[in-house]
Each structure stands twice: as structure tokens, then as C-alpha cells.
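# Residue-level structure breakdown
Spelled out from the first residue to the last, the chains are:
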Amino acid sequence: MAKSLYETLEINDTASADEIKKAYRKLARKYHPDVNKDKDAEEKFKEINAAYEVLSDPEKKQQYDQFGDSMFGGQNFHDFARGQGQNVDLDEILRQMFGGGAGFGSSGFSQSGFSGFGGFGNQGFNEPDLDTQAQITIPFDVSVLGGKQHISLNNDSFDIKIPEGIKNGQKIRAKGKGKSYNGQRGDLIIKINVASSPDYERDGSTLTKSFDLPLKTALFGGKVQIKTIHKDITLKVPQNTKQNQKFRVKELGVLDRAAGSKGDLYLKANIVLPKLEDLDEDLVKSLEEKLPETV
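First, a word on what this report is: a plain description of the structure on this page. (Residues numbered from 1 in each chain as written. Predicted model: local features only at pLDDT ≥ 70, side-chain atom pairs only at ≥ 80, totals over all residues. Heavy atoms only, no water.)

## Digging into the nonpolar core
Counting residues in each nonpolar core, the largest one holds 35 residues, and the members touching the most others are I160, I192 and F211. Contacts of I192, omitting those with residues within four sequence positions, involve I136, I138, I162, I166, K167, N168, G169, Q170 and I172. Judged by nonpolar contacts, the second largest core, of 24 residues, contains L5, M71, F72 and F77. (Core = buried A, V, L, I, M, F, W, Y, C linked by side-chain atoms within 4.5 Å. Buried < 20%, exposed > 50% of the residue type's maximum accessible area, 1.4 Å probe, protein only. Contact = heavy atoms within 4.5 Å.)

## Examining the sheet that holds strand 9 (residues 188-194)
A sheet is described by the order of its strands in space; here three strands give the open sequence 3-9-6, paired in mixed fashion. Two strands close off the open sheet at either side, each with one partner strand: strand 3 (132-138) and strand 6 (171-174). Mean inter-strand twist for the sheet, computed between neighbouring axes without regard to direction, equals 30°. Here four bridges tie strand 6 to strand 9, and the two strands are oriented antiparallel to one another. Bridge pairing in strand 9 places R173 opposite I189. (Pairing = 2+ DSSP bridges. Helix = DSSP H or I, 4+ residues; strand = E, 2+ residues; numbered from the N terminus. Axes fitted to C-alpha atoms, helices over the stretch in contact; angles between N-to-C directions.)

## Description of the packing of aromatic side chains
What characterises a pair of aromatic rings is the spacing of the ring centres plus the angle enclosed by the ring planes. One pass over the structure, following the stated rule, counts four aromatic pairs. A ring pair is formed by Y6 and Y64, whose centres lie 6.2 Å apart and whose planes are at 35°; its orientation type is tilted. Residue Y6 is located in helix 1 (residues 4-8), and its partner Y64 is located in helix 4 (residues 58-67); the two are separated by 58 residues in the primary sequence. In this structure Y6 comes out as buried when scored by relative accessible area, which is 1%. Y64 gets classed as buried once you look at its relative accessible area, which sits at 0%. Aromatic side chains F140 and Y200 sit 6.2 Å apart centroid to centroid with 10° between the ring planes, which places their arrangement in the stacked category. With F140 in helix 7 (residues 140-145) and Y200 in strand 10 (residues 200-203), this residue pair connects regions lying 60 residues apart in the sequence. Using a relative accessible area of 10% as the deciding quantity, one classes F140 as buried. Accessibility expressed as a relative area gives 9% for Y200, which makes it buried. The ring of Y31 has K44 sitting right over it, with the charged end atom 5.7 Å from the ring centre. One cation-aromatic arrangement involves K177 over F158; the distance from NZ or CZ to the ring centre is 4.6 Å. (Phe/Tyr/Trp six-rings, centres within 6.5 Å; stacked < 30°, edge-to-face > 60°. Lys NZ or Arg CZ within 6 Å of the ring centre and 35° of its normal.)

Spatial relationships are all this shows, so hold off on functional conclusions.
Structure representation (C-alpha cells):
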């Protein structure tokens, strides 16, 4: 008895459930339309999925093993599928066949074939999408440094790894955390939203941070201790530092994964003026008399 569904998956009719699954996954990857641009790949992909739909289900497989290609009016599955035309829904046909709506009755399979099933919808028989979409918000520091983030979803709780330097809107994949079907498990696709920072601005791999600078240090120069995301540093500022003047600190920015290097950090001076009431009276009087009135 001809059994062409096994030929479609390129296995013999004694294959185990594990061998059937492995064969299906191999062929589905090979003929997936996103990968294989051959004009016949999409139809081949539908046939592979339809064959797996039958052979991965113990009850359907038992019926097919009993009746073989007589279920397709005596044709092999390839010819039967191609003979249905471009708009056939193989999924619907299989539901009719194995759900008792047509073909099978209490007395067994009708030999009349499926001439009455032409023209079902144009959905086609596609591999079910088992991936699940989600999104989370992570702290700004974690987006720069990387780390772990705890996830609770659908009664499942687990940690995911946040790669160093991830950008707002990027997605990461948690393997095997999606929906399940026929022994397969999809992935969880997580969109990353990065919380804004009160201290930093990010432009690609470059960070910018403002720091307070006392007027005395701005005028006469000196050293300032600054805490950055990566580490604490000592910044040397020159005399006559201007408001919003920037100082570049190499490789204290964000990791550029493509380039394999870190960007720079720019420190922007915010000069803090003292209150007059906190200054010595003689100094205030002297400043008032001698400070220039023009820029």
C-alpha cells in the first residue's frame, strides 16, 4: 500500500515519532519561504507541514497507516496537493478528513476521493506560530552594563540575560518560553524598553553627563571627583572652564557590539555659583567693584 506522506518527509513508514519530528524540522527549515526563495518552496513547505500534521498525531497516523494513499483518491500526496489548485486550504481538508466531516464514516473511508473539496480559502497550511511577544522596561544602567532581568509570564518565572549595550526597542529571544504545540515549543520574543536617566543622555555608543563644578575650580582649575556608570574617576579641569564646556573620557561610554569597542563619555560642566550671603562681606564688596560688566 502506497504511503506517500512518509516520502514527503523523506522517511520510511517504520519511522519513530522522534525520527518523524527530526525529519520535519530539517525539511521545514530547508523549505521555509523566508529561507528558500525557489518558486516551488512555499508549496513544498505546505506539503511538509500537512504531512507532519498527520504523522505526528497518533490517531491520524493510525488511520493513514491503515488506508494509505487511498485517502487521496489513490494519488500520492504530492500530486493530490498540487491538483487542488493554488487556493486550497490543506489544513481544512485534513480537518474534514480526520474529523469525520467527510471521507471517513463509521464504515471506513469513502473511495470517492476529494473532488468536492476544491476552493477552500487561501490561508494555506502554514507552520503554527508558537512564538510569544512581550515587552519589559529595564533601568538605564542595566542597558549600558548588561545584567539579568526577572520575568514572570503565564505562570512561568525565570531570569533572562540582558546583553551589555542593548538599545531601546531592540528584541531578545528566550528559547523555549513560547507556546507549545505537538511537542514543539516556541520562543518568547521580548521587546526591550529602556527607562530614561536623569543623569545621562545616550547617542549610539556615546554618553553625556553633566557634573557640578564649583566656581572657584572653574576659575582657577583643579580636580573633581565624579561617579560614572562604570567607575568613579578624577577629572582635572583647567583654569577658566566655561559653562557647558565638555570633557571627553575615552571608553567610558556604551559597548558597540558590532565594532567590539566602547564609546566615549562626555562630561559637561555645570558651574555652580555661590550665594552672596555665604561669601565674606569684603570679598562681595571687592567683587562688586572690580568684576567686569561686559563679557
